[in-house]
Amino acid sequence: MNLFDVYSLFDVTPVKASGCTIWDDKGQEYLDLYGGHAVISVGHSHPRYVQAIKDQLDRIGFYSNSVRNPLQEELAARLGVISGYEDYSLFLDNSGAESNENALKLASFHTGKDRVIAFRKSFHGRTSGAVAVTDNPNIVSPFNAVHKVTFCDLNDAEGVEKALRGGDVAGVIIEAIQGCGGINIPRPGFLAELRALCDKYGACLIMDEVQCGYGRSGKFFAHQWDGVLADIVTLGKGIANGLPCGGILIAPKFKASKGLLGTTFGGNYLAMAAALAVLDIIEYEKLVDNALEVGEYLKASVPESPLIKEVRGRGLMIGIEFNVPVAPIRSQLLYDKHIFTGVAGKNMIRLLAPLVLTKAQADTFIQAFKEVLK
Ligand SMILES: Cc1ncc(COP(=O)(O)O)c(C=O)c1O
């Protein structure tokens, strides 16, 4: 049997990793500025993280969600405190897409409505509802395209209000910083306007923090830069540093009932041990502050070049937009300079380094980047 051929692969085979460093099967060392799509939050194979998972596996690896799991309760309590959403509830699942799926479903259950407002250039995942609110027709099958979705331009509050006036909108879903769509930060005040509009028309405000959340932007959640509260916050990626895990934070106004949401694997012991270790490390090593400090340092160090149009982002979520396609630059960074980076679209290098990145590692990248741009 072959693998279903849907991924464009680099010719690199990682076999070992630590912090922001990866080694391949030939012993070549790489600097990781992408964290496997923003998943590696506290660094590869952090000793505290590895030990927590090993210890948990020695005790119990899995049981279903039909028994009490104190690790889930501990995670909910700690996540409430660190995120400032203490009076919210936590539902645990397995991925970013599943989190968005659950958020959309909950908004629809709560309001009894079936339309969702999403934004151009959004990415919310590949399951049925999540992909329907994703602005990329290439990955929306006819089966997914049946959902009622209205796409508005980012920052267009009037367009959102016009759609809300229809009276059938269950929720508005937005990335507090768009990731795959090109590191687009909503203009100041826009998220607050969405909050007010959702309140006026009885729709739920869903913040997708799957990529921009968990400390990456230099605040625990990126929407906290705008001082707004969401009705539902969706999580994935960095929450368990690579063990599949997702979740949603749910405002007190949503009423739980038995069977309303569910999952087999969500909240399992290993993911919980991993997620608790991630919070330990984020707190102990002050990684939210580090993301801000090193991210801003890196952004400010990007050299001026006629090839570069704009550098934007917050914390360790950085887009370097070029006037030209970046594929050759990214290849050179990987194969000649041994640095992993990502892209958004054809013209942007996207950096989503582990939150433990140091200024010295940022300098290493900047030096290599200057040489590649020569
Ligand atoms: C903003 C955002 N939401 C949702 C997802 C989907 O997450 P997953 O791939 O874990 O389903 C992603 C993945 O890139 C994302 O960037």
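Calculation notes
Residues numbered from 1 in each chain as written. Predicted model: local features only at pLDDT ≥ 70, side-chain atom pairs only at ≥ 80, totals over all residues. Near = placed C-beta within 6 Å. Helix = DSSP H or I, 4+ residues; strand = E, 2+ residues; numbered from the N terminus. Nonpolar A, V, L, I, M, F, W, Y, C, P; charged D, E, K, R; others polar. Pairing = 2+ DSSP bridges. Axes fitted to C-alpha atoms, helices over the stretch in contact; angles between N-to-C directions. Parallel < 35°, antiparallel > 145°, perpendicular 65-115°, else oblique. Left-handed = near helix turned anticlockwise from the far one by under 90°. Contact = placed C-beta atoms within 7 Å. Buried ≥ 20, exposed ≤ 12 C-beta atoms within 10 Å, placed from the backbone.

Here we take up the site of the ligand. Every one of the 15 residues lining the ligand counts as a neighbour, but Gly96, Ala97, Gly125, Val210 and Gln211 are closest to it. For the shell around the ligand, the element with the most residues is helix H4 (residues 96-111), which contributes three residues. Looking at the shell around the ligand, its residues break down into four nonpolar, nine polar and two charged.

The strand order across the open sheet formed by four strands is S11-S12-S15-S14, and the pairing between neighbours is antiparallel. The open sheet has two edge strands, strand S11 (308-314) and strand S14 (342-344), and neither has a second partner. Ignoring strand direction, the axes of neighbouring strands in this sheet form an average angle of 25°. The pairing of S11 with strand S12 (residues 317-322) spans six bridges and is classified as antiparallel. Directly across from Ile308, in S12, lies its bridge partner Phe322.

Moving on, we get to the packing of helix H2 (residues 47-59) against helix H8 (residues 269-284). Closest axis-to-axis distance for the H2/H8 pair is 9 Å, and the angle between their directions is 150°. Taken together, the axis directions place H2 and H8 in an arrangement best described as roughly antiparallel. Remark: the crossing between H2 and H8 carries right-handed chirality. Mapping the contact onto sequence places Arg48, Tyr49, Ala52, Ile53, Gln56 and Leu57 in H2 and Tyr269, Leu270, Ala273, Ala274, Leu276, Ala277, Val278, Asp280 and Ile281 in H8. A per-class count over the contact of H2 with H8 returns 12 nonpolar, one polar and two charged.

This brings us to unusual backbone geometry. For Tyr214, which is not glycine, the phi dihedral falls at a positive 60°. Of note, Tyr214 is situated in the loop between strand S8 (204-208) and strand S9 (232-235). Look at Tyr214 and you get buried, because 31 C-beta atoms sit within 10 Å. The residue Asn241 is not glycine, and still its phi comes out positive at about 55°.

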